[in-house]
Amino acid sequence: MFDRLQAVEERYERLNELLMDPDVISDTKKLRDYSKEQSDIEETVTTYRNYKELKEQYDEAKGMLKENLDDEMREMVKMEVEELGEQLPPLEEKLRILLLPKDPNDDKNVIVEIRGAAGGDEAALFAGDLFRMYSRYAEAQGWKPEVIEASENDIGGFKEIIFMINGKGAFSKMKYENGAHRVQRVPTTESGGRIHTSTATVAVLPEAEEVEVDINEKDIRVDTFASSGPGGQSVNTTMSAVRLTHLPTGVVVSCQDEKSQIKNKEKAMKVLRARVYDKFRKEAEAEYAQNRKSAVGTGDRSERIRTYNFPQSRVTDHRIGLTIQKLDQILQGNLDEIIEALIVEEQSRAMEEAGE
């Protein structure tokens with residue numbers, strides 16, 4: 001592990017030199033790539049240097065215990081050795097985690113697609129609950145949610161809602177929400193008080209930059225139409241809504257959230273690019289995914305990942321067997337406890353596979 005850390009530190013120093021090279025400064029792509037690489041390893045290097053400094057102090061203090069010291073000084077040195085010794089193991093653990101392979105999409109913005117599945121109107125209402133939950137969570141993280149497309153039903157739910165979350169590291173946390181979410185509650189429309197089970201699916205896609213997926217304008221069919229609201233009510237009579245079809249893959253995206261056709265097209269292009277990128281990414285990972293049976297991080301939407309049980313005020317994440325009796329808080333966007341547990345589980349599994 002320490003050989004790898006030393007190599008990372010040497011690479012960091014080399015990147016410092018490259019970023020001051022006039023040839024690199026004048027090359028926008030190299031400057032961006034080297035800056036990102038340096039940023040990606042900066043925490044590892046800082047932690048490693050901190051560890052080395054503490055380890056040196058620890059070794060020096062242990063060495064002093066071999067010297068001829070008076071009782072008071074020996075006791076002080078023993079206390080220092082003990083304190084420093086307690087600080088080293090957590091740093092070693094952190095370094096092991098920092099050396100794990102990182103998902104290249106972790107720092108990206110995300111596009112979230114929520115659809116009511118089994119359960120009719122109740123599923124649509126639940127999709128609305130999930131949208132509000134993620135919006136509040138995003139705002140608490142300092143991220144910005146922005147609706148791209150929404151298809152409402154007549155009672156305030158969403159048959160489908162697509163929105164973007166802009167913020168550094170959004171995908172690193174939101175990716176764990178991929179899958180089928182189940183709700184168990186008495187619907188407001190149910191006079192008999194019976195508990196119903198409904199589901200909604202959540203898809204989380206990393207936003208793709210133009211350089212990552214090559215989409216030719218000639219391969220896109222653009223259709224325009226008038227926006228409409230719940231029940232087919234006309235929102236406006238201008239042809240501001242946009243539908244994009246990527247002919248090679250068959251991916252279709254619509255956007256009617258903005259009054260401007262240009263803005264709708266820009267938003268739709270972001271979703272289109274993300275979906276095409278996600279399609280290619282999943283195809284490339286298909287063989288690898290076949291060898292992984294764990295649900296954590298797989299993003300398989302057919303898997304039921306979580307249940308929200310209203311009568312018992314509990315939320316259960318089935319991937320790690322975690323149950324929390326804080327349903328109201330979680331629906332208010334307090335997802336940290338669940339997401340942090342999923343991150344720890346994935347890191348633990350990755351460390352086992354790495355043989356650390």
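Predicted model only: the values in this text are computed from it and were never measured. (Residues numbered from 1 in each chain as written. Predicted model: local features only at pLDDT ≥ 70, side-chain atom pairs only at ≥ 80, totals over all residues. Heavy atoms only, no water.)

Student: Describe the sheet that holds strand S5 (residues 196-206), naming the residues involved and giving the relevant values.
Tutor: Within the open sheet, the eight strands sit side by side as S2-S3-S1-S5-S4-S9-S10-S11. Their pairing is mixed. Here the strands that pair on one side only, and so sit at the sheet edges, are strand S2 (144-152) and strand S11 (322-324). Strand-to-strand twist of the sheet, defined as the mean angle between neighbouring strand axes without regard to direction, takes the value 15°. Bridge count between strand S1 (residues 110-116) and S5: seven bridges; the pairing is antiparallel. (Pairing = 2+ DSSP bridges. Helix = DSSP H or I, 4+ residues; strand = E, 2+ residues; numbered from the N terminus. Axes fitted to C-alpha atoms, helices over the stretch in contact; angles between N-to-C directions.)

Student: Before we move on, can you summarise the sheet that holds strand S6 (residues 220-225) with the specific residues and values?
Tutor: Ordered in space as S6-S7-S8, the three strands form an open sheet in which the pairing is antiparallel. Of all the strands in the sheet, the pair left with one neighbour each is S6 and strand S8 (251-255). Strand after strand, the sheet turns through a mean of 15° between neighbouring axes, direction not considered. As paired strands, S6 and strand S7 (residues 241-246) are joined by six bridges and run antiparallel to one another. Across the sheet, residue Phe225 finds its bridge partner in S7, namely Ala241.

Student: Can you explain the pairing of S2? Please cite residues and give values.
Tutor: Remember that side chains alternate between the two faces of the sheet whenever the strand is regular. Two elements, S2 and strand S3 (residues 158-166), share eight bridges in a ladder whose sense is antiparallel. Among the inter-strand pairings, Ala150 is bridged to a residue of S3, identified as Ile161. Between S2 and the antiparallel strand that follows it, S3, lie five residues; Gly156 among them carries a positive phi value of about 95°.

Student: Let's hear about the packing of helix H3 (residues 28-64) against helix H4 (residues 71-98): which residues, and what values?
Tutor: Here H3 crosses H4 at 155°, and the two axes come no closer than 9 Å. Our classification of the angle between H3 and H4 gives roughly antiparallel. Of the two elements, H3 crosses H4, and the hand of that crossing is left-handed. Tallied by class, the residues present in the contact of H3 with H4 amount to 13 nonpolar, six polar and six charged. (Parallel < 35°, antiparallel > 145°, perpendicular 65-115°, else oblique. Left-handed = near helix turned anticlockwise from the far one by under 90°. Nonpolar A, V, L, I, M, F, W, Y, C, P; charged D, E, K, R; others polar.)

Student: Can you break down the UniProt feature "coiled-coil region" (unreviewed entry) in the protein chain residue by residue, with the values?
Tutor: Within this structure's numbering, the places UniProt gives as "coiled-coil region" (unreviewed entry) are residues 51-82. Between the end C-alpha atoms of residues 51-82 the distance is 16 Å, and the span holds 81% helix and 0% strand. (UniProt positions renumbered as here; feature names shortened; annotations may be inferred.)

Student: An account of the nonpolar core is needed here, citing residue identities and associated values.
Tutor: Counting 35 residues, the largest nonpolar core has Ile114, Leu130, Tyr134, Ile165, Met174 and Tyr308 as its most contacted members. Mapped by element, the contributors of at least two residues to this core are S1, helix H5 (121-140), S3, helix H6 (170-174), S5, helix H8 (327-331) and helix H9 (336-354). The element contributing the most residues to this core is H5, with eight residues. Formed by 21 residues, the second largest nonpolar core is a distinct cluster that contains Val24, Tyr48, Val81 and Leu88. (Core = buried A, V, L, I, M, F, W, Y, C linked by side-chain atoms within 4.5 Å. Buried < 20%, exposed > 50% of the residue type's maximum accessible area, 1.4 Å probe, protein only.)

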